[in-house]
Structures are given as C-alpha cells and as structure tokens.
Amino acid sequence: MTDNSPRYSPSELAAQLKTGLLSFPVTHFHPDLSFNEAAYREHLSWLSQYDVAGLFAAGGTGEGFSLTTAEIDTVVRAAVSEVNGRVPVIAPATGGTATAIAGAQAAEAAGADGILLLPPYLTEAGQRGLIEHVSAVCQSTSLGVTVYSRANAILNDASVAQLVERNPNLVCLKDGVGNIEMMTRTYARVGERLTYIGGLPTAETFALPLLQLGYSTYSSAIFNFVPEFALSFYADVVAQDRTSVYQKLNEFVLPYLDIRDRTKGYAVSIVKAGVNAIGRSAGPVRPPLQDLTDDELAQLTELIGKVK
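Since we're looking at a predicted model, the values are computed, not measured.

A. Structural context of the pattern of salt bridges. All chains considered together, the criterion is met by 13 salt bridges. Two residues, Arg-286 and Glu-71, come together in a salt bridge whose shortest N-O distance is 2.8 Å. One end of the pair, Arg-286, is in the loop between helix H11 (266-277) and helix H12 (294-305); the other, Glu-71, is in helix H3 (residues 69-83), and 215 residues separate them in sequence. On the basis of relative accessibility, which here comes to 10%, the residue Arg-286 falls in the buried class. For the salt bridge of Arg-189 with Asp-157, the shortest nitrogen-to-oxygen distance reads 2.6 Å.

Here it is as structure tokens:
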C-alpha cells in the first residue's frame, strides 16, 4: 500500500463502523461565524479519547450545509490531522451530482477514510435518477461510501439492491426516515451486504427498536457533550437492556427532546448549545439556524448536570 492509499478498503470501513458508536462532531465558529480551527481541533482531541468507531466531519450536526466547499475541505483536513488515524474520518459529499463528485474526490485527496453522501440540495428526483446520482459519486472515488437516505433522496429497497450490485464501494446505508416496512424490506433484500446506521435526529430515541432491524450502530449527536452517557446508553442498547435504556430515556433523552422540538433546526442548535453548556465553547450556529434562547440554554445546562 502506498502512502496515498486509503487506510481502509470499503469493506474494512464497513466492518469498522459497525463495531461501535459513531461520532458526529459540531463545527466550531468564532463570534463572527468564521471557522474556529483551534477550538475544533481541541474538541476532536477530547472526543477521540473515547471509544467510538468513526468520526463524521462536517456532517449535518457539523453544519456542513452552511459551509463553503473550501471550508469543508479545511474542516476535513483539520479532522484528519487531529485524529491522526485513531478512528476513521468520514467526509461529506453533497449537492448536485457534479458537486458531490467534486466533494468526494476532495475528501479522498484530503486523506479522509470514507464518504457520507448527503441528499442533493433542493431538487426532487425519482428512484432512477437517485440511482444514477449515487452511482456516479461511488464511481468517482475508491473510498467506501455511506449513502444517507432522507429528505429528497429516500431510497426504496429495490433501489438499494440495484445500487449495491452496481457499486462495490457502497458499503453503508444511513437511514433518516424511520419507515419500518421499508427498512425491513431493504434488510430482507440486501442483508449483511451493507452496514446499517441509524440517522434519525437524536438517534438514541430509536436505537433499541432499530437494533432488531439490523441497525447495529447510529449517529450520536449528544456524544459531543455527554460522551460517557452516550457510550453507556449505546452499551445498554447493544446488550438489549430495556430497563436501563428506558431509564436513561426518561432521565435525559426525552426531556432533551422537549427542548429540541420547540423550534425547527434545534436538532443541530441544541447540540452546539450542549457543547457550550459544558464550557467547551463551540460558538454560535450559522443562519438560517438559530441558537437556543438563554432560558433554554439554562434548562439544557441543568439537564446535562443530572447525567454528568
């Protein structure tokens, strides 16, 4: 393997990601909303001390949708440099097909270990168009690709089956819809050919039932600010300890959701607020997202104090 070769083959990446909880770090901003690389690196250094299976840079929780192409490249390179091989770094590709291809190729050049293919911006598409879109991105890179099925890019079971047949490096499916029938149909068709990742907002809420559908891991946003709690929750899910899972849901997750659900976009804003609440300042969110109010931040801080 040359120095420029990926550290993980697609199949190795898929195997690695299913071994544990997945980290989706926030992206740190200065008060003027520019990228705060020093604070971001410090956050990654802290998080990478914990036992997670992968780190997804500049994803949804990381406000990747608000970053320029150049900023995404900077964030990914900072993550690759700071994590330094301790866990695989997955980078985003998004937008229309040409833009997503450019993003995937830039991620590979930056030293990322895999690609998270996010839905295209704005436009709607049928299944044939989505198959061609995903395939074009997969064929543009040697890295393992995780496709995120949600919003305007929801893949049905037949489409997923076609995609895995056409694209050996499509190795993970992240679900952001929660359609139980479709998830069951997809697993029945494709089985262990893919690693399945729970990707609904605050994935802990759905983690235990989705385990029965083959979703062995999920994207944890709360890992950003209560990592010990997040890992303990994941361990309870894997052990199928229903009593402990529901205790933790009542203790923290459900009251957290009560704050999250007050305003659209808070699924991201509340995570950054959580990092700020523990004194590891991540700065504000970028518009059109909005920060929690002072009262909501105080409520979140008090809630975090109960589980730290």
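B. Up close: the UniProt feature "binding site: pyruvate" (unreviewed entry) in the protein chain. Per the UniProt record, "binding site: pyruvate" (unreviewed entry) is found at Thr-61. Checked against the element boundaries, Thr-61 lands in the loop between strand S2 (54-56) and H3. Every residue in contact with Thr-61, bar those within four places of it in the chain, is listed here: Phe-24, Pro-25, Val-26, Ala-221, Asn-224, Val-268 and Val-271.

C. Spotlight on the state of the cysteines. Inspection of every chain in the model, using the stated rule, returns zero disulfides. Of all cysteine sulfurs, the one in Cys-172 lies closest to Cys-138, which takes part in no disulfide; the gap is 11 Å. By relative accessible area, which is 1% here, Cys-138 ends up buried. Residue classification places Cys-172 among the buried residues on the basis of a relative accessible area of 0%.

D. Structural view of the packing of aromatic side chains. According to the stated counting rule, one finds twelve aromatic pairs in the structure shown. Taking 4.3 Å as the distance between ring centres and 10 degrees as the angle between the ring planes, the aromatic pair formed by Phe-24 and Phe-56 counts as stacked. Here Phe-56 lies in strand S2 and Phe-24 lies in the loop between strand S1 (22-23) and helix H2 (37-47), a separation of 32 residues in the sequence. Across the pair, Phe-56 and Phe-24 agree in class, each one buried. Measuring from centroid to centroid gives 6.0 Å for Tyr-50 and Phe-223, while their planes differ by 85 degrees, and the two rings are edge-to-face. In this pair, Tyr-50 is assigned in the loop between H2 and S2 and Phe-223 in the loop between strand S8 (217-220) and helix H9 (227-238), connecting sequence segments 173 residues apart. For Phe-223, a relative accessible area of 1% corresponds to the buried category.

Cut-offs applied
- Residues numbered from 1 in each chain as written.
- Predicted model: local features only at pLDDT ≥ 70, side-chain atom pairs only at ≥ 80, totals over all residues.
- Heavy atoms only, no water.
- Salt bridge = Lys/Arg side-chain N within 4 Å of Asp/Glu carboxyl O.
- Helix = DSSP H or I, 4+ residues; strand = E, 2+ residues; numbered from the N terminus.
- Buried < 20%, exposed > 50% of the residue type's maximum accessible area, 1.4 Å probe, protein only.
- UniProt positions renumbered as here; feature names shortened; annotations may be inferred.
- Contact = heavy atoms within 4.5 Å.
- Disulfide = S-S within 2.5 Å.
- Phe/Tyr/Trp six-rings, centres within 6.5 Å; stacked < 30°, edge-to-face > 60°.

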